[in-house]
Amino acid sequence: MNKLTQVAVSPKKFDTNAAVVFRKESASVGLNDLSSLVMDADVTVTVKVKSVDPVEEVKNRDGKVLKKQDCVVGDADGCGCLVLWEGDVGKVTEGGLYKLVRVTVKSFCGVNYLSVGQYCEIVRVDDIGEMAALEDGDLEDKGIVRKVIEGEIDGVKFCDEYDGCIVCNGKIGGDD
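Quick notes on the rules
Along each chain, the written sequence defines residue order, and numbers are assigned to residues from 1. The model is predicted, so local features are restricted to residues of pLDDT at least 70 and side-chain atom pairs to those at 80 or more, both for listing and for counting; the totals for chains, interfaces and linings are taken over all residues. Values reported for side chains reflect all heavy atoms of the structure, with hydrogen atoms and water molecules removed beforehand. Only strands that DSSP links by at least two bridges are regarded as paired with each other. Numbering goes from the N terminus for both helices and strands, where a helix is a DSSP run of H or I of at least four residues and a strand is a run of E of at least two. Remark: nonpolar core denotes a set of buried residues (Ala, Val, Leu, Ile, Met, Phe, Trp, Tyr, Cys) joined through side-chain atoms within 4.5 Å. The buried label goes to any residue with under 20% of its type's maximum accessible area, the exposed label to any with over 50%, and the partly exposed label to all in between, with areas taken from a 1.4 Å probe on protein chains only. It only takes one pair of heavy atoms within 4.5 Å for two residues to be counted as in contact. Salt bridges are identified by distance alone: a Lys or Arg side-chain nitrogen within 4 Å of an Asp or Glu carboxyl oxygen.

A. Quick look at the pairing of strand β3 (residues 56-59). Sheet analysis places β3 next to strand β4 (residues 65-74), joined by four bridges and oriented antiparallel. Bridged to K59 within β4 is V65. A loop of five residues connects β3 with β4, the two strands running antiparallel in sequence, and G63 in this loop sits at a positive phi of about 90°.

Quick look at the structure:
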């Protein structure tokens, strides 16, 4: 908007109290396709939960503390990561079979994973068919490293603070 912009009152009135969110049907995909999917795409996958990590607390960009639970899931094509947030923590169990409808594709450090969001439905199923064997190196091949290193920090050589773009992970402002 600028000083030449004019705002007009609309004759049409909308009932905001009865707003309904319409979402298109999500495409069914295999976990092997996960790395090639677009970020923030809503998809449907049918998976077996291979492992469930303990609940952990993380801070978001605003400093709010959130509950998070990481899971490794597999299907006939391969394996991948599933992240459960807040109210969805604990909704899947190790060895359980689930159909995840409208689960969102997210990316962290260049690795795509599945994130259970507001519109996701977690449906327990009886059978998902043939399962791919999960080898020890499969997760590392997909860029998923599952190890915790504990230690003591003796000193910090360099520290920098800057704003970053959530789309391209690029640095915003500062001296590039």
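And the narrative resumes.
B. Expanded view of the nonpolar core. Core analysis: the biggest nonpolar cluster contains 19 residues, and V43, V45, L82, L100, V103 and L114 have the highest contact counts within it. Counting residues per element, the ones that place at least two in this core are β2 (42-52), β4, β5 (79-85) and β6 (97-108). For V103, the contacting residues outside a window of four places in its chain are A41, D42, V43, V45, L82, L114, S115, V116 and C120.

C. Examining unusual backbone geometry more closely. A positive phi angle is found at D40, which is not glycine, with a value near 75°. Turning to its location among the elements, D40 is positioned in the loop between β1 (27-28) and β2. Although it is not a glycine, R102 sits at a positive phi angle of roughly 60°. Along the chain, the position of R102 falls in strand β6.

D. Quick peek at the side chain of T44. Structurally, the position occupied by T44 is in strand β2. Discounting residues that sit within four places of it in the chain, T44 has contacts with S26, A27, S28, V29, K99, L100, V101 and R102.

E. Representation of the pattern of salt bridges within the structure. Within the structure shown, the criterion is met by four salt bridges. Ionic pairing is found between D88 and K91, a salt bridge with its closest N-O pair at 3.0 Å. Judged by relative accessible area, which is 45%, K91 ranks as partly exposed. Here E121 and R102 are joined by a salt bridge, their closest N and O atoms 2.6 Å apart. Highlighted residues: E121 in strand β8 (residues 121-124) and R102 in strand β6, separated in sequence by 19 residues. For E121, a relative accessible area of 37% corresponds to the partly exposed category.

F. Broad picture of the pairing of β6. Here β2 pairs with β6 via six bridges, running antiparallel. Across the sheet, V43 pairs through a bridge with V103, a residue of β6. Sheet topology places β6 next to strand β7 (residues 111-115); five bridges connect them, and they run antiparallel. Following the sheet pairing, S107 is matched in β7 by N112. Connecting the antiparallel pair β6 and β7 is a turn made up of two residues, with C109 showing a positive phi of about 55°.

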